[in-house]
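# A look at the structure
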Amino acid sequence: MKIKHGFKGEHFLIVPYQFVSTLHKNPLVGEVFIHSLGHFANARHHYINRPEGRNEYIFIYCISGCGWVCIAGERFTLTENQFIIIPPGAAHSYGADDSDPWSIYWIHFMGKKAGLFAKGFEQPVTIVPSETSRIEDRLNLFEEMYAVLYNGFTYENLCYANLCLVHFLGTFKFLRQYHSAKKRAEFSSNSINMVIYYMHENISNKITIKDFADYL
């Protein structure tokens, strides 16, 4: 048995055509925008086959389990903490592993600059989990896009969700910068707190910049 959707706990939505067709002309978000997006958890028997391809880029991010993706006859295994982007027009198929079905987040996206975010990701890319990988932050951003669009396809909602899309894709495109941003924020916060503590402990003393530096 092979199915496209119908998995327990799934959520997905497709932006209606009349809105997608106008986003091309939107000066704020027309260069990269959402066609559809969703999340399938433990998607046993998931299978898609598109011999003619699609007009959109297709982003697939596996967060657990595994599956496979075939693009123009080349087959890849997609495992936990890996993502791939299928280019428009390419014949493709993909599906969940039978014994360890994947859980995936997926987005179909379009726009004049969409290819800049997809370049180099035609094969699986691994995101190594670490204390700075910020995976939960990224998934929260996805859920924010979904929630905003679920509340209605107003102009403001579409603009906000698609600006979030640029940020979301940017966390994959500039992976090192996305990870290092957390390091800098934590170091800065800890350093400031240490200085404040030192000042409180020495409030009646004359302290110098060298004293702060030595303490840190």
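The structure under discussion appears in the preceding block.
This structure is a prediction, so every number in the text was calculated from the model and none was measured.

Turning next to the layout of surface pockets. The rolling of a water-molecule-sized probe over the atoms marks out the regions of remaining empty space. For the largest pocket, the calculated volume is near 300 Å³. If you trace the largest pocket, you find 16 residues lining it, with Ile48, Arg50, Tyr94, Trp106 and His108 closest to the centre. Here the lining of the largest pocket is composed, by residue class, of 7 nonpolar, 6 polar and 3 charged.

What follows covers the sheet that holds strand β1 (residues 11-14). Pairing is antiparallel across the open sheet formed by 6 strands, whose spatial order is β1-β2-β9-β4-β7-β10. Whereas interior strands pair on both sides, the edge strands pair on one side only; in this sheet they are β1 and β10 (125-126). The pairing of strand β4 (residues 57-64) with strand β7 (residues 82-86) spans 5 bridges and is antiparallel. Looking across to β7, one finds that isoleucine 60 is bridged to isoleucine 84.

Another aspect to go through is the nonpolar core. Grouped together as the largest cluster of nonpolar side chains are 38 residues, with contacts concentrated most on Leu37, Phe59, Tyr61, Ile107, Phe109, Met145 and Phe168. Of all the secondary structure elements, the ones that give two or more residues to this core are α1 (17-23), β2 (33-40), β4, β7, β9 (103-110), α2 (114-118), α3 (135-150) and α4 (155-173). With near-sequence residues (within four places) excluded, leucine 37 lies in contact with His11, Phe12, Leu13, Trp106, Ile107, Phe142, Met145, Tyr146 and Leu149.

Now for the environment of arginine 138. With respect to the helices, strands and loops of the structure, arginine 138 is situated in helix α3. Expressed as a C-alpha distance, the spacing of arginine 138 and alanine 181, which sit 43 residues apart in the sequence, is 13 Å. Discounting residues that sit within four places of it in the chain, arginine 138 has contacts with Tyr61, Ile127, Ser133, Phe168, Thr171, Phe172, Leu175 and Tyr178.

Let us look at the pattern of salt bridges. Across all of its chains, the model carries 3 salt bridges by this definition. Residue glutamate 31 pairs with lysine 113 through a salt bridge whose shortest N-O separation is 3.4 Å. A residue pair is termed long-range when its members are at least 10 positions apart, and glutamate 31 in the loop between α1 and β2 and lysine 113 in the loop between β9 and α2 qualify at 82 residues. With relative accessibility at 37%, the residue lysine 113 sits in the partly exposed group.

Throughout the structure, instances matching the rule amount to 19 aromatic pairs. Pairing phenylalanine 59 with phenylalanine 168 gives two aromatic rings, centres 5.6 Å apart and planes at 80°, and the pair type is edge-to-face. Of the two residues, phenylalanine 59 is situated in strand β4 and phenylalanine 168 in helix α4; the sequence distance between them amounts to 109 residues. A relative accessible area of 0% means that phenylalanine 59 is categorised as buried. A residue is classified by how much of its surface remains accessible, and phenylalanine 168, at 0% relative accessible area, is buried.

Conventions we followed
- Residues numbered from 1 in each chain as written.
- Predicted model: local features only at pLDDT ≥ 70, side-chain atom pairs only at ≥ 80, totals over all residues.
- Heavy atoms only, no water.
- 1 Å grid on protein atoms, 1.4 Å probe; cavity = no way out; pocket = protein on both sides within 12 Å on 5 of 7 lines; lining within 4 Å.
- Points joined across faces, edges and corners; volume = space filled by probe spheres on them.
- Nonpolar A, V, L, I, M, F, W, Y, C, P; charged D, E, K, R; others polar.
- Pairing = 2+ DSSP bridges.
- Helix = DSSP H or I, 4+ residues; strand = E, 2+ residues; numbered from the N terminus.
- Core = buried A, V, L, I, M, F, W, Y, C linked by side-chain atoms within 4.5 Å.
- Buried < 20%, exposed > 50% of the residue type's maximum accessible area, 1.4 Å probe, protein only.
- Contact = heavy atoms within 4.5 Å.
- Salt bridge = Lys/Arg side-chain N within 4 Å of Asp/Glu carboxyl O.
- Phe/Tyr/Trp six-rings, centres within 6.5 Å; stacked < 30°, edge-to-face > 60°.

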